[in-house]
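As a plain string of letters, each chain reads:
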Amino acid sequence: MKREHPSGAGTKTGTHRRMKQETVLRTSGLGKRFGARWAARDINLEVHRGDVFCFLGPNGAGKSTTIRMILTLLLPTTGSIEIFGKDLHAERSDVLSRVCGIVEKPDFYLYLTAYKNLEIFGSLTRRISSDEIMEALDIVGLKSRAFDKVKTFSHGMKQRLGIAQALLTTPEMIILDEPTAGLDPQGMKEVRELITMLSQEKGMTVFLSTHLLSEVELVATRMAVINHGEMIAQGSVAELLEQEQAEYSLRVSPLKTAVKLMNGLSWVVLRPDEKGATRVRIDSGRASELIRFLVMHDIEVFSFYPHRTLEDFFLKITEGISEI
Amino acid sequence: MNLFQIEVYKTFSRWRTYIAFGFLALIVILTEVVMKLSAREILERMMRSMQKDFLIFGNVLNGWFITAFIMNSLHLHIPFLITLVAGDIVSSEATSGTVRLLLVRPPSRSAVITAKYLATLFYTAAVVIFLGIMCIMLGLILFGSGDLIMNYATQFRIVFIPETEIPLRMFLAFTAAIWSMAVVASIAFLFSTLAENSIGPIIGTMAVVIVFFVIGNFPFDFFRALTPYLFTTHMNIWQRFLDTPIPWRQIMVSAAILALHCIVLFAIALIVYRRKDIKS
């Protein structure tokens, strides 16, 4: 069952605020059924030019199914997909020449070299020069391994080669399905840096799916949340979180007086913390108001920081859907 | 590189592609060397029946005869070698996951599958041509040249083809052999579009070839009615070019039936692949 985000920061509000922005990807009523089971249903995404758009959901939520439909690997059961204002299925070739997609892990021809793989996949879009291939490999740090067979590469190196392949065709939009899945922390960091680079330096729109909340916090500008095949929220990360209640850790002195004062505030929910601090749950927009209130009552505030706000947000809305 | 060049490059970059060439080279060399060592015995056996009715002299056991002999022995085994690549060319992309990169690029699925099919036919032709060149070259080196005697024992007749006609006849025979192997390749190719591993298409194709051969040889009226339309009935089309006079009408009918098989099999593969959900 689909739910509008209660804050209004979701689909409608977010869309109105960005009416002037160019929509590069729009799905309308997109759905895929396998037998009697709907893997994705009524997906209405809107990705704007320049976004780093995260498609967030737990494993099995329908993220990969949606991405596969956007990349024409799966035929939709319902709905339509528009990319750059063109119908994907009517103008597939033109649209996909401006998009690069990596679904799950990028699998290359293991018996060929990195160079040859890039030459093959690059030439499916346009004529590629040797210099362009070497430059792309250089950007992802694989220039020295250009003529090694891909079967000798680690998972992280293959992921970087996938991004090199994306760079090579200079797409306007890059679609990545769980790009950091299976990588070690260093590999995850490298891929995140590459994603940021694609967006900020190359001006590409990035659409990526993930089940990692930390990834959204680190790279996303806008996001959509999917669970059990249905989209439950969409908007900018800031907007979505802004309207949510969040939990903060608070270190103040004297603690007892502060707790007594805060107990008198109807919009603050207190939770004790065994480490001499306390946790408060408030609307994100009222954080500064609380600090001001405490300072005005001669409470010293040593620290005040949010606790995994996105995780709270995600768990709250997915639990909400489960209850419905 | 265009799609066809890419597919050919990929095909010939894998060692499994060379299994067929290696196997054929080995079998041809072994056969011809053994025949060379046992030439007198083979010749005596050949002549035993024919010398009752004919006076035969000259170099009968020559390179052309050896080529026809090997082709006759191998044309039922080559299909297995063809399926090693034809049964793998589409399904291996699913197994390795490369299909997810390949099909999200601008070329349509129709273009991709057509390029793969053409690459499969190219490989099929390469295998048959390789066999032909190996047989003829080594045969001529070891046994020399001469007129070709074909013994059609079941029809109680023998055919003499003058040495001057043989190169053209052999060229046509090997071209026809490519034609018949293309059907086997098409079956394996269709199975390859349906499967996500390579073993299924290989076993499936061989099962179809064997079952069709069996059906074609069953002495029942129902199966006899089917026999003229089975591709296995026409797989020996190449032999007709080593007959005199060349039975052009039979050849045209066989070629048309084989071509129809190829067209239908590829059309099904195309429809299946265009609508296939890539879940791997």
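What counts as what
All residue numbers refer to positions counted from 1 along the written sequence of the respective chain. Working convention: letters from A go to chains and numbers from 1 go to ligands, in the order in which they are written. This being a predicted model, a pLDDT of at least 70 is required before a residue's local features are given, and a value of 80 or more before pairs of side-chain atoms are given or counted; all residues contribute to the totals for chains, interfaces and linings. As a rule here, side-chain values cover all heavy atoms of the structure and leave hydrogens and water aside. Counting from the N terminus, the helices are the DSSP runs of H or I reaching at least four residues and the strands are the DSSP runs of E reaching at least two. Between the two quantities, the radius of gyration covers C-alpha atoms and the globule rule is 2.2 Å times the number of residues to the power 0.38. The rule is simple: take the accessible area with a 1.4 Å probe, protein chains only, and divide by the maximum for that residue type; under 20% is buried, over 50% is exposed, in between is partly exposed. Residues enter patches when their relative accessible area tops 30% and they take part in no salt bridge; the joining distance is 9 Å for like charges and 5 Å for the nonpolar side chains Val, Leu, Ile, Met, Phe, Trp and Tyr. Exposure was quantified through the Shrake-Rupley algorithm and a 1.4 Å probe, taking into account, for residues, occlusion by the shown protein chains and nothing else. Take a side-chain nitrogen of Lys or Arg and a carboxyl oxygen of Asp or Glu: if they are within 4 Å of each other, that pair is a salt bridge. Two residues form a contact once any of their heavy atoms are found within 4.5 Å. Polar contacts, as counted here, are pairs of nitrogen or oxygen atoms within 3.5 Å of one another; within protein the pair requires one atom able to donate a hydrogen and one able to accept it, and residues that are adjacent in sequence qualify only if both atoms are side-chain atoms. The rule is simple: put a 1 Å grid over the protein atoms alone, call a set of points where a 1.4 Å probe fits but cannot get out a cavity, call an open set with protein on both sides within 12 Å along at least five of seven lines a pocket, and count a residue as lining if it has an atom within 4 Å of a point. Grid points are joined across faces, edges and corners, and a volume is the space filled by probe spheres set on the points. In the scheme used here, Gly and all other residues not listed as nonpolar or charged are polar, with Ala, Val, Leu, Ile, Met, Phe, Trp, Tyr, Cys and Pro taken as nonpolar and Asp, Glu, Lys and Arg as charged.

S.K.: I keep staring at the overall build of chain B and nothing clicks. Help me out?
M.R.: Within chain B, the regular secondary structure consists of 12 helices and two strands. Along chain B, helices (α) and strands (β) appear in the sequence α-α-α-α-α-α-α-α-β-β-α-α-α-α when read from the amino end. Since a compact globule built from 280 residues should have a radius of gyration of about 19 Å, the 21 Å found for chain B is in line with a globular shape. Expressed as lengths along the three principal axes of its C-alpha atoms, the size of chain B is roughly 70 × 45 × 30 Å. Classification of the 280 residues of chain B by burial places 54% in the buried group.

S.K.: How do you make sense of unusual backbone geometry when you look at a structure like this?
M.R.: Trans peptide bonds make up the majority, and among non-glycine residues the majority have a negative phi. All names here are of chain A. Residue P254 is reached from S253 by a cis peptide bond, and omega for that bond is -5°. Looking at the element boundaries, P254 is found in the loop between β12 (245–253) and α10 (255–263). Backbone geometry places F84, a non-glycine residue, at a positive phi of 55°. With respect to the secondary-structure elements, F84 resides in the loop between β5 (78–83) and β6 (86–87). Phi at E178 is positive, roughly 50°, even though this residue is not glycine. For E178, the location among the structural elements is in the loop between β8 (173–177) and α7 (185–200). Among the residues examined, E178 registers a relative accessible area of 13% and is labelled buried.

S.K.: I tried to follow a nonpolar patch on the surface on my own but got confused; where do I start?
M.R.: Residue and element names in this part refer to chain B. Together, I129, I133, M137 and I141 give the surface a local cluster of nonpolar side chains, amounting to about 420 Å² of exposed area. Assignment of secondary structure puts I133 in helix α8 (residues 109–143). We classify I133 as partly exposed; its relative accessible area is 47%.

S.K.: Any chance you could explain the environment of L265(B) here in plain terms?
M.R.: Residue and element names in this part refer to chain B. Tracing the sequence through the fold places L265 in helix α12 (residues 248–275). Residues L265 and V159, 106 residues apart in the sequence, show an inter-C-alpha distance of 36 Å. In this structure, L265 is in contact with V183, S186, I187 and L190, ignoring residues within four places of it in sequence.

S.K.: Can you walk me through the interface of chain B and chain A in this structure?
M.R.: Interfaces are often described in size by the accessible area the parts lose on coming together. Listed as interface residues are 29 residues of chain B and, on the opposing side, 33 residues of chain A. In this assembly, chain B and chain A are joined by two salt bridges. With a closest N to O distance of 2.5 Å, D107(A) and R100(B) form a salt bridge. Our count for the contact surface shared by chain B and chain A stands at 17 residue pairs in polar contact (both at pLDDT 80 or more). Those elements that place two or more of their residues in the side of chain B that touches chain A are α1 (3–11), α6 (91–96), α7 (99–102) and α12 of chain B.

S.K.: Where do I start with empty space enclosed by the protein in this structure?
M.R.: Here the idea is plain: a probe the size of a water molecule rolls over the atoms and shows the empty space left. All names here are of chain B. Counted by the stated rule, this structure contains two cavities of 30 Å³ or more. The space that makes up the largest cavity amounts to roughly 60 Å³. In terms of lining, the largest cavity is formed by V90, S91, A94, V99, A195, E196, Y273, K276, I278 and S280. Residue classes in the lining of the largest cavity are distributed as six nonpolar, two polar and two charged.

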